[in-house]
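Spelled out, the chains give:
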Amino acid sequence: MPATGPWTVESVHRYPVKSMQGELPPRITLENGHVTGDRQWALVDPATGFLLSAKRHGALLEASARTEQDGTVVITLPSGAEVEAPSPSAGKALSEWLGREVQIQRPGDRQIPFELLVDALDEGSEVIPFTGPQHHFADFADAHLLTGS
């Protein structure tokens with residue numbers, strides 16, 4: 001692709017809950033370098049303190065999340081059941097679905113670490129903590145632009 005345009009934006013995607021399927025909003029807002037409302041929630045394992053990511057917990061990709069006009073985030077589980085983040089029923093429904101205790105959290109002012117395997121192809125390799133950007137749950141970058149040929 002040439003270094004100069006013109007380029008056309010064909011679609012924008014936002015993922016209200018980290019590692020779940022997202023939504024196609026009609027437009028996005030970039031604020032402080034990231035997409036407003038993107039990865040504003042994540043599931044956290046309270047026993048380890050680590051965020052759950054689809055890189056290690058692929059089942060997360062079976063659920064989806066969307067943002068209602070009032071800003072409420074609704075999670076749709078593979079069964080079709082819907083829960084609001086962070087309603088009291090959300091943590092329970094998500095824990096039951098995943099077969100392990102999880103909590104749904106916002107980042108706030110602290111950075112919650114991800115699990116990163118020393119060897120990405122070996123589930124038995126050492127797990128080390130990795131922290132991404134502050135104030136939302138992105139891994140390595142605040143926003144991604146994907147191009148086609």
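See the structure above.
Keep in mind that this is a model prediction, so the values were computed, not measured. The numbers attached to residues start from 1 for each chain and follow its sequence in the written order. The predicted nature of this model means local features are confined to residues of pLDDT at least 70 and side-chain atom pairs, given and counted, to a pLDDT of 80 or more, with totals for whole chains, interfaces and linings taken over all residues. Note: side-chain values were computed over all heavy atoms of the structure, leaving out hydrogens and water.

K.L.:
Pulling in residues and values, what's your account of unusual backbone geometry?
P.N.:
The omega angle of the peptide bond from Ala-85 to Pro-86 is 0 degrees, so this bond is cis rather than trans. Relative to the assigned elements, Pro-86 resides in the loop between strand S6 (82–85) and helix H1 (88–98). You will see that Ser-19, though not glycine, has its phi angle at about 75 degrees, which is positive. Topologically, Ser-19 is positioned in the segment before strand S1 (30–31). In this text, helices come from DSSP runs of H or I with a minimum length of four residues, and strands from runs of E with a minimum of two, each type numbered from the N-terminal end.

K.L.:
Provide a residue-level description of the sheet that holds strand S4 (residues 64–67), including the pertinent values.
P.N.:
One open sheet accounts for three strands, arranged S4-S5-S6; its pairing is antiparallel. Both edges of this open sheet fall to S4 and S6, since each of them pairs with a single strand only. Ignoring strand direction, the axes of neighbouring strands in this sheet form an average angle of 30 degrees. In this scheme, strands are said to pair when DSSP sees at least two bridges between them. Lines fitted to the C-alpha atoms define the axes, with helices restricted to the stretch that makes contact. Angles between their N-to-C directions range from 0 to 180 degrees.

K.L.:
Quick rundown of the nonpolar core? Include the residues and the values.
P.N.:
Counting 18 residues, the largest nonpolar core has Val-17, Met-20, Leu-43, Ile-75, Leu-94 and Ile-104 as its most contacted members. Of all elements in the fold, only strand S5 (73–76), S6 and H1 reach the threshold of two or more residues within this core. A total of three residues in this core trace back to one element, the largest contributor, which is H1. Residues count as neighbours in contact if any of their non-hydrogen atoms are within 4.5 Å of one another. Those residues in contact with Leu-94, other than ones at most four positions away along the chain, are Met-20, Leu-43, Ile-75, Leu-77, Val-102 and Ile-104. Ala-42, Leu-51, Ile-112 and Phe-137 belong to the second-largest nonpolar core, a separate cluster that totals six residues. In this text, buried Ala, Val, Leu, Ile, Met, Phe, Trp, Tyr and Cys residues form a nonpolar core when linked through side-chain atoms within 4.5 Å. Each residue is placed in one exposure class: buried if its accessible area under a 1.4 Å probe, protein chains only, is under 20% of its type's maximum, exposed if it is over 50%, and partly exposed if it falls in between.

K.L.:
Tell me about the pairing of S4, and name the residues and values.
P.N.:
Examined bridge by bridge, S4 and S5 share four bridges and lie antiparallel to one another. In the strand pairing of S5, Ala-65 is matched with Ile-75.

K.L.:
Could you give me a rundown of the layout of surface pockets, with the residues and numbers involved?
P.N.:
Empty space within the second largest pocket amounts to approximately 240 Å³. As defined here, a cavity is a set of points on a 1 Å grid over the protein atoms alone where a 1.4 Å probe fits but cannot get out. A pocket is an open set with protein on both sides within 12 Å along at least five of seven lines, and residues line them when an atom is within 4 Å of a point. Lining the second largest pocket are 13 residues; nearest its centre among them are Arg-14, Pro-25, Arg-27, Thr-36 and Thr-67. Classification used: nonpolar for Ala, Val, Leu, Ile, Met, Phe, Trp, Tyr, Cys and Pro, charged for Asp, Glu, Lys and Arg, polar for all others including Gly. Looking at the lining of the second largest pocket residue by residue, the classes come out as four nonpolar, five polar and four charged. Grid points are joined across faces, edges and corners, and a volume is the space filled by probe spheres set on the points.

K.L.:
Could you give an account of the environment of Gly-71, naming the residues involved and the relevant values?
P.N.:
One can find Gly-71 in the loop between S4 and S5. By relative accessible area, which is 41% here, Gly-71 ends up partly exposed. In sequence terms Gly-71 and Gly-37 are 34 residues apart; their C-alpha atoms lie 8.6 Å from each other.

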